[in-house]
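Observations on chain architecture
Chain residues, written in single-letter form:
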Amino acid sequence: MAVVPAGALMRRAAFGVAVVAAELLAGKRRVGLLVGAGNNGGDALWAGYYLRKRGVAVSAVLLTPDRVHAEGLAAFRRVGGRVVPRLRDVDLVIDGIVGLSARGPLRPDAAEHVAHLEAPVLSVDLPSGVDPDTGAVSGPAVRAHTTVTFGCLKPVHALADCGDVRLVDIGLDGELHGPDLVELDIADIGVAWPVPGPEDDKYTQGVTGIAAGSATYPGAAVLATGAALLSTSGLVRYAGPAAEDVRARWPESICTGSITDAGRVQAWVVGPGLGTGLGAEAVLRTVLEAGVPVCADADAITMLANNPDLWDARDPDTLLVLTPHDREYERLAGPVGTDRVTAARKAAERYNAVVLLKGHATVIAGPDGRVLVNRARSSWAATAGSGDVLSGVLGSLLAAGLDPVLAAGCAAKVHALAADLASDGAPIPATSLLAALPDAIRAVRPL
Ligand SMILES: NC(=O)C1=CN([C@@H]2O[C@H](COP(=O)(O)OP(=O)(O)OC[C@H]3O[C@@H](n4cnc5c(N)ncnc54)[C@H](O)[C@@H]3O)[C@@H](O)[C@H]2O)[C@@H](O)CC1
Ligand SMILES: [K+]
């Protein structure tokens, strides 16, 4: 703002909104603006100005007429924009209610206008009512078909549903500091995913150990072992009471009934279906003492939360990835609350571990402060056994020697992708998600 003429950034932003609006209109001609008190409303008014100049009919509801962007309103009126009490018969709504300074849900009068909309909504910067920093929705909020944002993506775009997000360059290059959150894309994952080279054999690619399952829950062991087998070409060892079931389903795995004769591994997965009794505690202790990276999931997290003495089994330099859902997180570190990034960071720091907090937006925090986010495109992965598959994938990436934050990010993304591919619009069990892992890995691998 110090180096460009006053108002220039807003007009660039608004021009970007108008271009996307024209594209969404696809020849239709009536646009309605919802205009709030700040610069977000100013953007909407200026977008209305540019659309008017293209011959679009634009009407605007001023939610706070006494606090409106004065220049934007004057420009809008100059080209024949109309101020109306209520939007009627429009083909597209531009949401300029609140932007980056928003706090809390929509106020009742704004909520009332939004509740009756039938046309698709194009949100300026973010869907109003969604928290810009956390993506939390704590009351009425706009549901955006498309969001146009400026300069860089904000946390809300990675954490919440903003519809199709379009980024408009307004000339901030060089003025922005590095990102607070990173979302891995397919190319990042394709480059990182371990595949065998000409010099490799079954041992050089990392041996994954699976300490999971019980007489009651043998399926968790079968799913986690299968996921590890399908994710990399390294060997997989299973140790535990589900050895018979695992061997029957996965003859290529090496199965033993007890952790004590499992043999050497390069990483352990511990917890899925394991139970929380004394035997399970002994297994967890053995795994933590092994001095190799550990992915601790499900019952392992519960045991670590209930019995802090177990932490003493771990050499503090042993890499640990914890993969809690919200209830498991709560046992470890208290309620997650609405700020999932801060929650994941807090637990990562407290336990000197990588924390993968599961959710529609999965947040991964490293003890070094790095944070990755992966927003699933669907919710089909929210099914029983899905977490067992995730931990198996993650364990095999740890065994292959991937950095644990990267391993967690790659596992979360490929897991979500496998759910999408398997589902194709219908509910799926975790076995189908598992079966889709090879397709998901093929989809991220470079050509
Ligand atoms: N900072 C920049 O460089 C640029 C900012 N631009 C726009 O400016 C926006 C930020 O503008 P402002 O800082 O003026 O603030 P906003 O337009 O986000 O909010 C305006 C005011 O609304 C009130 N408010 C907060 N929460 C509310 C709620 N839940 N319901 C009703 N009212 C609420 C507050 O009094 C707040 O100050 C960005 O989102 C973007 O659209 C763009 O023009 C491009 C350049
Ligand atoms: K908005």
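In what follows, the accompanying structure is described.

Parameters and conventions
Residues numbered from 1 in each chain as written. Chains lettered and ligands numbered in written order. Predicted model: local features only at pLDDT ≥ 70, side-chain atom pairs only at ≥ 80, totals over all residues. Pairing = 2+ DSSP bridges. Helix = DSSP H or I, 4+ residues; strand = E, 2+ residues; numbered from the N terminus. Contact = placed C-beta atoms within 7 Å. Axes fitted to C-alpha atoms, helices over the stretch in contact; angles between N-to-C directions.

**Brief notes about the sheet that holds strand β4 (residues 92-96)**
Pairing between the strands of a sheet comes from backbone hydrogen bonds, and it takes one of two forms, parallel or antiparallel. In space, the seven strands of this open sheet follow the order β3-β2-β1-β4-β5-β6-β7, with parallel pairing throughout. The open sheet has two edge strands, β3 (82-83) and β7 (164-168), and neither has a second partner. Relative to strand β2 (residues 57-62), strand β1 (residues 30-35) is paired through six bridges, and the arrangement is parallel. Of the residues in β2, the one forming a bridge with V31 is V58.

**Focus: the environment of A347**
Mapped onto the secondary structure, A347 falls in helix α12 (residues 340-351). Measuring from C-alpha to C-alpha, the distance between A347 and P367 comes to 8.5 Å, with 20 residues separating the pair along the chain. In contact with A347, not counting residues within four places along its chain, are Y329, L332, A333 and V355.

**Things to note about the sheet that holds strand β15 (residues 361-365)**
Spatially, the nine strands line up as an open sheet ordered β10-β9-β8-β11-β12-β13-β14-β15-β16, and their pairing is mixed. Taken across any chain shown, the strands that pair with only one partner, and hence form the sheet edges, are β10 (254-256) and β16 (371-375). The sheet shows a mean angle of 15° between the axes of neighbouring strands, direction not considered. The sheet contact formed by strand β12 (residues 294-296) and strand β13 (residues 320-322) spans three bridges and is parallel.

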